[in-house]
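Residue-level structural notes
Given next are the chains, with one letter for each unit.
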Amino acid sequence: MAAASDKAAGAFRTIGELSRETGLPQHILRYWETRFPQLRPLQRAGNRRYYRPEDVALVMRINAMLNQEGYTIRGVQKLLSSERKRAMPAVDLGALQAVRDQLARSLAEDAA
């Protein structure tokens, strides 16, 4: 792995900077974007990629799982997908219905 960047920990990284920091070729980083929907760096003018700190952490995690822990791409996809599902809060339908009803009453009062 290459030496750390001179940038602050929270700074965005270009694909070249991330490639140098991780030792991963740029084409691998682009390929992972097609395989892992969680990895979505910002893209600005000219499709230039900017990796946020959370993207950098995800790249490091994917790299560790694939290259040190022996996961397959499909295995990492399943793991990340299951974590995402667990992280999503359950929706309280009763609370949503109450908000909807309150909004409808407020709109009806305003119209009257």
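This write-up is about the structure you can find in this document. Computed from a predicted model, the values in this text were never measured in an experiment.

Turning our attention to the sheet that holds strand 3 (residues 48-51). If you trace the three strands from one edge of the open sheet to the other, you get 1-3-2, paired in antiparallel fashion. With partners counted over all chains shown, the strands left at the sheet margins are strand 1 (13-14) and strand 2 (42-44), one partner each.

With that out of the way, let us pick up the packing of aromatic side chains. In the structure shown here, the tally under the stated rule is one aromatic pair. Centroid distance W32 to F36: 6.5 Å. Interplanar angle 80 degrees. Geometry classified as edge-to-face. Assessed through its relative accessible area of 4%, W32 is described here as buried. For F36, a relative accessible area of 0% gives the class buried.

Here is what the cut-offs are and how they apply
- Residues numbered from 1 in each chain as written.
- Predicted model: local features only at pLDDT ≥ 70, side-chain atom pairs only at ≥ 80, totals over all residues.
- Heavy atoms only, no water.
- Pairing = 2+ DSSP bridges.
- Helix = DSSP H or I, 4+ residues; strand = E, 2+ residues; numbered from the N terminus.
- Phe/Tyr/Trp six-rings, centres within 6.5 Å; stacked < 30°, edge-to-face > 60°.
- Buried < 20%, exposed > 50% of the residue type's maximum accessible area, 1.4 Å probe, protein only.

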